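Single-letter residue listing:
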Amino acid sequence: MDPSDELDAAAATRITAIPVGRSPFIANGLPQLGAQSLRVGIIGIGVVPFRPATPEYSWKEIMYEGASRAYADAGVDPREDVGSFITCAEDYWEGFGIFDEFTPDQLGAVLRPACTVTGDGIQGLAQGVMQIQAGLAEVVAVEAHSKVSDLLTYEGVVRHAMDPIWNKPLGGSPYYLAGLEMEAYLRAAKLSERDCAAVVAKNRQNAMTNERAAHGLKLDPEDVLASPPISTPLKELDVAPLADTAVVLVLAAEPRARKLSSEPVWIRGIGWSSDSPWLETRSWTNAKYAEDAAKMAYRLAKVRAPAKEIDVAEVDDKFSYKEPQHLEALGLSRKGSTAKAIREGTFGLGGTLPVNASGGSLGCGNVIEASGLHRVAEVALQLRGHAGRNQVNGARTGLAASWRGLPTATGAVAVLGVGK
Amino acid sequence: MALDSAGLTIDDVDAVVFGSAPDAFDGIHMKGENVLDGCGGVGKPYTRVYTGGGTGVFSPIAAYWHVASGMFDCVLVVNEEKMSSCQPHAQSVFGYIWDPILDRPLKPNLVWIFAMEMNRYMTVHGIRYEDIAAVAVKNKRNAVAHPCAQLADANITVDDVKNSEMMAWPVRRLDISPPSDGASALVIASEDFVRKRKVESPVWFGGVGWCIDTTMWTDRDLYFPEYLARASKMAYKQARIDRPREQIDFAEPYDPFDYKELHHMEGLLLCGKGEAPVLTRQGVTQRDGDLPTCPSGGLLGVGNPIAATMGIKVGELYWQLSGQAGKRQIPHEIHTGVTNAWGDLMQFSSVVVMRA
Amino acid sequence: MSEKVESWPGVELSAKEFYGKVTSVKFRPEAKFSWSAGEAMSRFLAELKNGRLIARTCRKCARVLFPPRMFCEECFRPTDVWTYVKDTGTIETYSISYIDLDAKRIKDPVYVGVVSVDGASPKMGLMHYFGGVTPETIRIGMRVKAVWKPPAQREGSVLDIVHWRPLKEGEG
């Protein structure tokens with residue numbers, strides 16, 4: 001019996017159930033299948049080269065630029081081929097009461113399913129993956145941007161995210177939170193400020209050969225150590241400078257992905273998690289959110305020995321110490337030996353596990369909620385073999401890890417792979 | 001309360017979705033992060049989705065895809081709104097939803113949007129104000145049976161609405177729902193989970209849809225919500241509904257203003273353009289009518305805590321379809337209900353169809 | 001609500017019991033923005049200063065888009081040429097507002113609405129004030145013309161137009 005006949009007949013009597021996830025009904029021409037059986041691939045990447053300021057673009061125009069690049073790369077027409085559009089944004093970064101209003105036109109999403117996730121780009125990516133696996137869309141565009149140069153009071157807005165009763169009244173620049181965490185982490189992990197300075201030097205140097213980066217600079221660790229203190233032990237050069245960009249990724253379900261792209265980059269696993277929002281009860285030494293997010297992503301990706309299986313990693317480094325802290329949480333560096341690994345150049349371009357070959361946030365620029373999506377884009381470019389002078393040869397499996405920045409303890413992880 | 005009524009605890013929940021409208025109301029940037037512990041999100045995958053006023057029906061849709069993808073078995077959705085924190089008045093925040101170059105210099109008030117849309121809708125179809133005011137009367141009376149109601153009134157009449165204070169012509173005070181504080185929560189689960197845990201009286205998703213229209217609202221004819229019609233078609237296609245007026249038993253359209261119930265009934269394709277006032281006049285949309293509409297009392301009667309209206313909309317579908325609506329229970333047999341929410345600059349709608 | 005729920009957790013407070021009895025904190029955020037107008041809006045504002053309205057045309061769908069934008073949202077392609085449009089138009093909808101930005105009552109009502117502009121594609125409109133009208137004379141479909149500020153007072157803003165007034169006999 002044709003399912004629609006069954007439904008008409010059932011409409012006259014009680015229908016017992018139309019179960020979520022097991023519906024016999026076809027939605028948008030796709031059978032509804034669970035996560036394990038429907039792979040999702042990245043088939044289009046669009047990154048507007050980062051710049052410290054973009055006065056010639058309005059936020060709409062920079063988003064249009066990023067979207068145009070991604071759709072051209074994917075070979076799709078957003079008006080015909082894209083079934084859902086996701087923007088990752090927060091009102092207070094943009095200065096609008098409801099930012100979702102100002103997104104559709106420049107993404108090709110007018111009169112289409114589109115929404116905003118107030119989260120980081122990888123959290124947005126996860127929603128896109130789930131929409132595809134739930135049969136709600138076959139092709140999804142995920143967008144995140146930074147027009148932080150339009151924001152005159154960046155620190156004021158960061159501070160505005162702190163708890164109004166317990167933390168805001170203390171006043172001061174919110175960077176003291178990073179100073180406190182850096183102090184606690186360095187002690188627990190037995191790392192030195194010099195080790196963190198080496199991370200800064202590595203990433204800013206990598207950025208010099210990444211055409212997408214805004215803040216490439218040839219720095220010595222000495223330069224970093226000598227830079228003015230912000231909130232000890234955090235120094236000026238330990239902090240990633242801000243930048244503008246727009247990043248758009250186009251995702252597709254496997255059958256469609258193979259039709260549209262010669263080498264889709266598969267999202268093998270994805271995870272996201274939040275530790276306590278309370279400064280007073282969260283872990284100050286471990287990036288617990290990254291541990292939990294990685295657990296979920298590794299489980300879905302069937303990664304058992306991450307340090308061995310991951311060829312290239314882009315992990316959040318909005319502050320220098322976050323890179324090693326994240327590497328430990330992700331199982332990519334053994335706690336206690338991270339200092340040694342840094343000194344031996346393990347994570348450099350020529351090392352055994354290149355980390356932030358792109359330059360990371362320190363070298364490319366802190367692009368707020370777009371940071372995570374940018375890391376996924378850089379990993380995807382590596383796996384395609386399109387990372388130019390910073391290419392890690394033979395990279396087949398990569399990892400992108402994000403953190404939403406102060407004062408949050410929220411982050412996400414994506415494991416990407418090419419080939420079968 | 002949601003977990004208790006399902007016989008579950010927070011440990012049964014695999015992921016949390018949070019919905020809330022402007023951060024500026026609460027006075028916190030990234031407010032989703034600030035409240036995540038109250039939502040049970042610590043140590044879990046937690047996401048906030050935000051589509052302005054559409055969030056009340058959109059966050060359940062996000063929870064739906066969490067489960068329907070196969071990635072999670074049980075998801076808690078929590079929606080919250082605390083408009084009262086904003087001083088001097090929550091209205092001031094709405095000054096920032098407008099375009100900074102085209103609109104804000106004119107110092108617009110939020111009510112202007114609704115007034116302009118209501119005027120266009122009335123003029124194109126030649127609708128009398130009395131027929132619109134009748135919706136406010138119906139819903140505020142229906143709300144008497146809702147324990148959370150802020151503005152229920154058993155005795156309100158069309159004359160009361162007509163005589164209420166003029167805000168921005170043609171909108172009067174009693175045409176509008178109040179700013180409210182509120183919170184609501186739903187538990188969404190897979191069929192497997194429901195079966196294994198023997199959860200009583202589940203109500204099932206039939207279809208979901210959402211759609212956004214252009215930011216340039218001044219380029220649109222406001223008499224009909226095209227974006228809602230498309231979102232409805234998306235949801236109806238999944239639910240295999242092609243004759244909505246016959247196949248849907250009751251509706252909870254979003255009613256922050258009385259004319260919106262009518263506007264949305266037409267957008268939900270429950271009747272032809274301009275026909276919703278006729279159905280109302282005929283009593284079809286009363287609780288004991290052929291198409292009960294806003295049996296909950298709606299936003300007009302219960303209150304408008306934006307995202308938390310989830311409890312008045314999707315929540316009402318659940319209570320009606322599972323026979324738990326008490327004094328609000330529709331007195332005849334029902335199997336299928338539809339609801340929508342409406343958001344952003346008159347440009348977004350989310351739609352959910354549910355079945356018993 | 002649900003029949004299963006018999007009582008609410010917590011204690012209900014009235015507004016009077018709440019303020020003054022519960023600890024509260026006042027905070028004013030430091031959130032200042034200076035949005036780059038971008039290419040389309042920058043030209044739009046510059047032309048307003050010159051007493052002119054400008055649009056963009058998309059050759060593919062042949063629409064004249066107003067307010068102007070550098071990309072056509074229908075065709076998803078860059079728009080092609082700058083096109084001047086007239087400063088006369090038609091009222092698509094309006095409201096007569098008795099409240100201000102902060103919801104306070106104002107004595108003299110403000111007439112506001114959407115004007116679809118002559119020379120642009122149908123329904124391409126702008127929100128603005130109306131003047132020289134009364135509740136009895138204003139109507140949807142009324143033909144109107146922009147009243148500009150004197151050149152020396154224009155700043156490059158939508159407020160360079162004071163309001164739109166009914167067209168006189170023989171105009172437009």
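Helix and strand content of chain A: 17 helices and eleven strands. Taking 420 residues into account, the globule formula puts the C-alpha radius of gyration at 22 Å, and chain A, at 22 Å, falls close to it. If you line up chain A on its principal axes, its C-alpha atoms span 75 × 45 × 45 Å. Considering chain A as a whole, with its 420 residues, one finds that 69% of them fall into the buried category. Taking contacts inside chain A between residues at least 6 apart in sequence as the whole, the part at least 24 apart equals 77%. A gap of 7 Å separates the mean positions of the 42 positive and 50 negative side-chain charges of chain A.

This part covers the interface of chain C and chain A. Between chain C and chain A, the contact holds 22 residues from the first and 35 residues from the second. Taken over both partners, the interface formed by chain C and chain A buries close to 2300 Å², and the fraction arising from carbon and sulfur atoms is 66%. In this structure, the connection of chain C to chain A is made through one salt bridge. With a closest N to O distance of 3.4 Å, Arg79 of chain A and Glu74 of chain C form a salt bridge. Linking chain C with chain A are eleven residue pairs in polar contact (both at pLDDT 80 or more). The set of elements that each furnish at least two residues to the side of chain C that touches chain A consists of α2 (38-49) and β4 (77-78) of chain C. No other element matches the three residues that α2 of chain C contributes to the side of chain C that touches chain A. When the residues that make up the side of chain C that touches chain A are grouped by side-chain class, the tally is 13 nonpolar, three polar and six charged.

Turning our eyes to something else, we now look at the pattern of salt bridges. Here the structure, examined in full by the defined rule, presents 63 salt bridges over all chains. Sharing partners across several salt bridges, the network here consists of Glu90, Glu369 and Arg404 of chain A together with Asp23, Glu33 and Arg48 of chain B.

Moving on, we come to the pairing of strand β4 (residues 166-169) of chain B. For β4 of chain B and strand β5 (residues 171-172) of chain B, the ladder comprises two bridges, and the chain directions are antiparallel. Across the sheet, Met166 of chain B pairs through a bridge with Arg172 of chain B, a residue of β5 of chain B. Linking two consecutive strands that pair antiparallel, namely β4 of chain B and β5 of chain B, is a turn of one residue. Examined bridge by bridge, β4 of chain B and strand β6 (residues 88-99) of chain C share two bridges and lie antiparallel to one another. Paired with Ala168 of chain B across the two strands is Ser97 of chain C, which belongs to β6 of chain C.

So, on to the interface of chain B and chain A. Taken together, the contacts link 70 residues of chain B with 80 residues of chain A. A buried area of about 6400 Å², summed over both sides, lies between chain B and chain A, and 59% of it is on carbon and sulfur atoms. The largest share of the area that chain B buries against chain A comes from His29, Met71 and Arg240 of chain B, three residues that together contribute 12% of it. One can count two salt bridges joining chain B with chain A.

All names here are of chain A. Across the seven residues of strand β10 (residues 397-403), seven count as buried, placing the element largely inside the fold. A two-sided burial pattern is seen for β10, the buried positions comprising Thr397, Leu399, Ala401 and Trp403 on one face and Gly398, Ala400 and Ser402 on the other. Pairing analysis gives four bridges linking strand β9 (residues 312-315) to β10, with the strands arranged parallel. In the sheet register, Ala313 faces β10, and the bridge partner there is Leu399.

A few words now on the nonpolar core. Among the nonpolar cores identified, the biggest contains 194 residues, and Ile42, Tyr71, Leu125 and Leu416 of chain A together with Trp65 and Trp210 of chain B are the most heavily contacted of them. Among the elements that make up this core, the one with the highest residue count is helix α5 (residues 110-125) of chain B (ten residues). Setting aside chain neighbours within four positions, we find Trp65 of chain B in contact with Cys115, Gln127, Met130, Gln131, Ala134 and Leu136 of chain A together with Phe58 and Trp210 of chain B. Within the second largest apolar cluster, 63 residues are counted, among which are Tyr92, Val224, Phe319 and Val355 of chain A.

Interface size is commonly expressed as the accessible area that is lost once the parts come together. Residue and element names in this part refer to chain A. Segmentation of chain A into domains returns domain 1 (34-152 + 245-266) and domain 2 (174-241 + 267-417). Each of domain 1 and domain 2 has a C-alpha centre, and these two points are 23 Å apart. Taken together, the contact between domain 1 and domain 2 spans 40 residues of the former and 37 residues of the latter. Between domain 1 and domain 2, a total of about 3100 Å² is buried, with carbon and sulfur atoms accounting for 70% of that surface. Summed over the shared surface of domain 1 and domain 2, the number is two salt bridges. A salt bridge links Glu90 to Arg404, with the shortest nitrogen-to-oxygen separation between them at 2.7 Å.

On the surface, a cluster of nonpolar side chains totalling about 390 Å² of accessible area is made up of Ile165 and Trp166 of chain A together with Val25 and Phe27 of chain C. Among the residues examined, Val25 of chain C registers a relative accessible area of 39% and is labelled partly exposed.

It is worth spelling out the environment of Thr134 of chain C at this point. In this fold, Thr134 of chain C is placed in the loop between β8 (125-129) and β9 (143-148). Spatially, the C-alpha atom of Thr134 of chain C lies 9.9 Å from that of Pro109 of chain C, the residues being 25 residues apart in sequence.

With that settled, the discussion passes to the sheet that holds strand β10 (residues 348-355) of chain B. Residues and elements named next belong to chain B. Within the open sheet, the four strands sit side by side as β7-β10-β9-β8. Their pairing is mixed. Edge positions in the sheet fall to β7 (204-212) and β8 (250-252), since each of these pairs with one other strand and no more. Averaged over neighbouring strand pairs, the angle between their axes works out to 15 degrees when direction is ignored.

Turning our attention to unusual backbone geometry. At the junction of Leu406 of chain A and Pro407 of chain A, the peptide bond is cis and its omega measures out at -5 degrees in the coordinates. Take Pro407 of chain A: it is sitting in the loop between β10 and β11 (410-417). A cis amide bond, omega 5 degrees, links Trp169 of chain B with the succeeding residue Pro170 of chain B. By the element assignment, Pro170 of chain B lies in the loop between β4 and β5.

Let's shift gears to the domain arrangement of chain B. All names here are of chain B. Domain boundaries in chain B define domain 1 (2-87 + 181-202) and domain 2 (110-177 + 205-355). A C-alpha centroid distance of 23 Å is found between domain 1 and domain 2. Each side of the interface is counted separately: domain 1 has 30 residues, and domain 2 has 29 residues. Buried surface at the junction of domain 1 and domain 2, both sides included, amounts to about 2000 Å², of which 77% is carbon and sulfur. Counting across the interface, domain 1 meets domain 2 through zero salt bridges. Linking domain 1 with domain 2 are eight residue pairs in polar contact (both at pLDDT 80 or more), by the criterion used here. When residues in the side of domain 1 that touches domain 2 are grouped by element, the largest group, nine residues, is from helix α4 (residues 55-68). Residues of the side of domain 1 that touches domain 2, tallied by class, amount to 14 nonpolar, 13 polar and three charged.

For the rest of this paragraph, the subject is the sheet that holds strand β1 (residues 53-58) of chain C. Residue and element names in this part refer to chain C. A sheet is described by the order of its strands in space; here three strands give the open sequence β2-β1-β5, paired in antiparallel fashion. Since the sheet does not close on itself, it has two edges, and those belong to β2 (63-65) and β5 (81-85), each with one partner. The mean angle between the axes of side-by-side strands here comes to 40 degrees, regardless of whether they run parallel or antiparallel. Sheet topology note: the β1/β2 ladder contains three bridges and is antiparallel. Note on β2: the bridge partner recorded for Arg56 is Leu65. Packed on one face of the sheet, α2 meets β1 and β5 and runs near 35 degrees to β5.

Reading guide: rules and limits
- Residues numbered from 1 in each chain as written.
- Chains lettered and ligands numbered in written order.
- Predicted model: local features only at pLDDT ≥ 70, side-chain atom pairs only at ≥ 80, totals over all residues.
- Heavy atoms only, no water.
- Helix = DSSP H or I, 4+ residues; strand = E, 2+ residues; numbered from the N terminus.
- Rg over C-alpha atoms; globule rule 2.2 N^0.38 Å.
- Buried < 20%, exposed > 50% of the residue type's maximum accessible area, 1.4 Å probe, protein only.
- Contact = heavy atoms within 4.5 Å.
- Lys, Arg positive; Asp, Glu negative; His and termini not counted.
- Charge placed at Lys NZ, Arg CZ, Asp CG, Glu CD.
- Buried area = accessible area lost by both parts, 1.4 Å probe.
- Salt bridge = Lys/Arg side-chain N within 4 Å of Asp/Glu carboxyl O.
- Polar contact = N/O pair within 3.5 Å; in protein donor to acceptor, adjacent residues only side chain to side chain.
- Nonpolar A, V, L, I, M, F, W, Y, C, P; charged D, E, K, R; others polar.
- Pairing = 2+ DSSP bridges.
- Core = buried A, V, L, I, M, F, W, Y, C linked by side-chain atoms within 4.5 Å.
- Domains from an automatic or database assignment.
- Patch = residues over 30% accessible without salt bridge, like charges linked within 9 Å, V, L, I, M, F, W, Y side chains within 5 Å.
- Areas by Shrake-Rupley, 256 points an atom, 1.4 Å probe, with all protein chains shown as cover.
- Axes fitted to C-alpha atoms, helices over the stretch in contact; angles between N-to-C directions.

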